[in-house]
Amino acid sequence: MDAVQAANSGHPGAPMGMADIAEVLWNDYLSHNPGNPQWANRDRFVISNGHGSMLLYSLLHLTGYPMSLDELRNFRQLGYHTAGHPEFEPALGIETTTGPLGQGLANAVGMALAEKLLSAEFNRDGLDIVDHRTWVFLGDGCVMEGISHEACSLAGTLGLGKLVGFYDDNNISIDGPVGGWFTDDTPRRFEAYGWQVIREVNGHDAYEIRTAIETAIAETARPTLICCKTVIGFGAPNKQGTASAHGSPLGAEEIAAARKELGWAHPAFDVPDDIRAAWDARSRGAAREAGWNELFDRYAAAHAAEAAEFRRRMAGELPANWASASREAIAKIADAGATMATRKASLVALNAFAPLLPELMGGSADLTGSNLTKHAGSTVITADGSGNYLYFGVREFGMTAICNGIALHGGLIPYCGTFLTFSDYARNAVRMAALMGIRNILVYTHDSIGLGEDGPTHQPVEHVASLRLVPNMHVWRPSDTVETAVAWQQAIERQSGPSSLVLTRQDVPHQPRDRGAVESIARGGYVLKDCEGTPEILFIATGSEVALAVAAAGQLAAEGVAVRVVSMPCAEVFQEQDADYRDSVLPATVTTRVAVEAGVTDGWWRYVGPRGAVVGLDRFGASGPAEKLFEHFGFTADNVADVARRVLAGA
């Protein structure tokens, strides 16, 4: 309450209401080491109701993480690590970014799933080097959000027995008592998912909390939800139990009254030495990790190869042969020169890369046969923890947030698939992956009106452009098998953010390239076809429209026009290149330009300028065969060539 008051901003209610639960969990059960926040076998702790961030920061400070008192004094201030909602910072013990309600809960499902998969893969002969729990705090808002249904239903099906949720059942949200809009029987709902549910736990009684945790630990086949009856703003005598304690400072007068109510006579930010010493978990944490290190040494002596593999994967390193082997695979794909849909090319790339990467784990939101995300080495994940491929069901949002949690846990590289148009369902989890800067590979197929007969409800028009607006997102829209393989390679190698692979339903032709052009694909944009001397006009295209640009360029070249075709599979990566490279591909002196992409045109004007043109689609599509739709909307070589002629005539 002092930090919120100092900031004159924040949410005191949840931290005060859940403090008693946190005290029991963190002091008596949480297995962690503040001296090494990234210890591989630590328990994961997530506060899904992220507005209660000051509870997390206080716990980190008291137990000995590098979270200073100065950080707490500067809660919600620019330049400090104590953001209004927790922001992923593993070196400080902040396991994920939360705030959009329910997503932390889904992340926790992903973390628990990662633990289960890795334990099944690595544990041997009673040497359980992967053996930890995921604990998650959640509130009414988290269980109201639809993502909680998607994620928790799947958690029950998968039998994530080391996942424990603490439901802060205080009956209050921002608008007041929730009885007017939230009357679900939450315990029965979670029981229907296959969870163990512990009801009516007094969230302010240490004995009841401890008994509930012991019961949760004893259950190994089901996740557990502990339903804690709490009072929001507990201890603030005039505001506790009301919405006024939720999202505003209590005020100096109420804070003074709370100090009296709680019997806390110490000034703001003052923690007596005896209390600080009792909370300090550094020596206990170091002993826990030392015990695990001794276990790991015994494991390594008996299973040297597995131990080395575990170390590599938890360090986030790719295999030593990855660079050379992936280049070799791409060269073979280039030599094959196949004509096929890029969704099929994606499967070709997966089949080439998956044997190199045992950490690759994927799935699809009930579209496996369409997304083609199940490679030859895929085995279906079941409740025993075996497998590397998950049928997520129709759960795009939950799938994406769960994969975020898998990425956050470490040891696995997640990818997940759906139709591009359904990326809207997952949008906030996509944004969170970009905000956190984590590797989640998003496979989006059926990328345009080329989807065909399913019509405009399923035909993406604005989606590629909108994904490109997300900061720190790399959007790859490859034109053929080779660009698709490079897109996969780059997405796998990128650890600083997510990548969207945007793929066609329909076949696209192979584009011949020399070795230099193949290597330049990784730069996001490159010269695919060139002319002698300085070009008179530039074509810039992505995906299936690259073939149209090449064909239109052929028409103009036959008329004596000097044409360059630039393929730009990833505009974000192209923009990261140095200015000299960008100018070598798109010379500033050539202002006659035409961009071609079967989607909204807004993003392309930065490249074509006021003297250029964009062949795009600033309206929704229609139902019909793909080839008819492309012709109807002007995506033909003849039309692209005509547009170019008009641009040249106006120069």
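The structure this text deals with has already been given above.
Residues numbered from 1 in each chain as written. Predicted model: local features only at pLDDT ≥ 70, side-chain atom pairs only at ≥ 80, totals over all residues. Heavy atoms only, no water.

A. Summary view of the sheet that holds strand β3 (residues 163-169). As summarised here, the arrangement of the 5 strands in space is β1-β2-β3-β7-β6, forming an open sheet in which the pairing is parallel. A single partner strand is all that each edge strand has here, and the edge strands are β1 (44-47) and β6 (196-202). Neighbouring strand axes in the sheet, compared pairwise and without regard to direction, differ in orientation by 15° on average. In terms of strand pairing, β3 meets strand β7 (residues 224-229) through 6 bridges, oriented parallel. Within β7, the residue paired with Y167 across the bridge is C227. (Pairing = 2+ DSSP bridges. Helix = DSSP H or I, 4+ residues; strand = E, 2+ residues; numbered from the N terminus. Axes fitted to C-alpha atoms, helices over the stretch in contact; angles between N-to-C directions.)

B. Inspection of the environment of A352 at higher detail. Considering the arrangement of structural elements, one finds A352 in helix α15 (residues 342-353). Sequence separation of A352 and C403 is 51 residues, and the distance between their C-alpha atoms is 22 Å.

C. Representation of the packing of helix α17 (residues 396-409) against helix α18 (residues 427-436) within the structure. With their axes 8 Å apart at the nearest point, α17 and α18 run at an angle of 20° to one another. With respect to α18, the element α17 is oriented roughly parallel. On α18, the residues touching F397, T400, A401, N404 and L408 of α17 are N428, A429, V430, M432, A433 and M436. Counted by class, the contact of α17 with α18 contains 8 nonpolar, 3 polar and no charged residues. (Parallel < 35°, antiparallel > 145°, perpendicular 65-115°, else oblique. Contact = heavy atoms within 4.5 Å. Nonpolar A, V, L, I, M, F, W, Y, C, P; charged D, E, K, R; others polar.)

D. Quick look at the packing of aromatic side chains. The final tally for this structure, using the stated rule, is 21 aromatic pairs. Between F190 and Y193, the ring centres sit 5.3 Å apart and the planes meet at 70°, which makes this aromatic pair edge-to-face. Of the two residues, F190 and Y193 are both situated in helix α8 (residues 186-193); the distance of 3 residues between them amounts to about one turn of the helix. Grouping residues by exposure puts F190 and Y193 together as buried. Seen in terms of ring centroids, F422 and Y425 are 5.9 Å apart; in terms of plane orientation they differ by 40°. Their pairing is tilted. F422 gets classed as buried once you look at its relative accessible area, which sits at 18%. One aromatic cluster is present, formed by W39, F122, W292, F296, Y299 and F310 through successive ring pairs. Stacked on the ring of Y581, the Lys or Arg R523 has its end atom at 3.7 Å from the ring centre. (Phe/Tyr/Trp six-rings, centres within 6.5 Å; stacked < 30°, edge-to-face > 60°. Buried < 20%, exposed > 50% of the residue type's maximum accessible area, 1.4 Å probe, protein only. Lys NZ or Arg CZ within 6 Å of the ring centre and 35° of its normal.)

E. How the structure looks around the sheet that holds strand β13 (residues 474-476). A sheet is described by the order of its strands in space; here 6 strands give the open sequence β10-β9-β11-β12-β14-β13, paired in parallel fashion. At either margin of the open sheet sits one strand with a lone partner, and together these are β10 (389-391) and β13. Taken over all neighbouring pairs, the strand axes of this sheet differ in orientation by 20° on average, direction set aside. Helix-sheet contacts for α17 involve β9 (360-364), β11 (413-419) and β12 (441-445), and the interaxial angle to β11 is about 165°.

F. Representation of the nonpolar core in the model. If you look at the biggest cluster of nonpolar residues, it comprises 80 residues, and the most contacted ones within it are F353, W488, F539, L586, V594 and F635. Every residue in contact with V594, bar those within four places of it in the chain, is listed here: I537, L538, F539, I540, V608, A613, V615, V643, A644 and V647. Residues L154, L163, F392 and V502 belong to the second largest nonpolar core, which totals 77 residues. (Core = buried A, V, L, I, M, F, W, Y, C linked by side-chain atoms within 4.5 Å.)

G. Spotlight on the side chain of R513. Mapped onto the fold, R513 is located in the loop between β15 (507-508) and α21 (515-520). In this structure the side chain of R513 is engaged in a polar contact, spanning 2.9 Å, whose partner is the side chain of D480. A distance of 3.5 Å separates the side chain of R513 from the side chain of E483, its partner in a polar contact. Setting aside anything within four residues of it in sequence, one finds R513 in contact with S479, D480, V482, E483, V518, I521, Y526 and L528. (Polar contact = N/O pair within 3.5 Å; in protein donor to acceptor, adjacent residues only side chain to side chain.)

H. Quick peek at the pattern of salt bridges. Evaluation of the coordinates by the stated rule reveals 26 salt bridges. Among the ionic pairs, D28 bridges to R210, the shortest N-O distance being 2.9 Å. Separated by 182 residues along the polypeptide, D28 in helix α2 (residues 13-28) and R210 in helix α9 (residues 206-218) bring together distant segments of the chain. A relative accessible area of 36% places D28 in the partly exposed class. Of the charged contacts, one joins K162 and E115 as a salt bridge, the two residues approaching to 3.1 Å between their closest N and O atoms. With K162 in the loop between α7 (146-158) and β3 and E115 in helix α5 (residues 103-122), this pair connects stretches of sequence that are 47 residues apart. For K162, a relative accessible area of 25% gives the class partly exposed. (Salt bridge = Lys/Arg side-chain N within 4 Å of Asp/Glu carboxyl O.)

I. Main features of the side chain of R312. Here R312 lies in helix α13 (residues 304-314). Polar side-chain contacts of R312 include one of 2.7 Å to the side chain of E309.

J. Quick peek at the environment of A383. Here A383 shows up in the loop between α16 (368-371) and β10. Apart from residues no more than four positions distant in its own chain, A383 is found in contact with K116, T157 and L158.

K. Broad picture of the environment of L154. Mapped onto the secondary structure, L154 falls in helix α7. Taking the relative accessible area as the measure of exposure, L154 reaches 5% and is therefore buried. Each C-alpha atom, one on L154 and one on P456, is 30 Å from the other, the two residues being 302 residues apart in sequence. Residues in contact with L154, not counting those within four places in the same chain, are L390, Y391, F392, R395 and I402.

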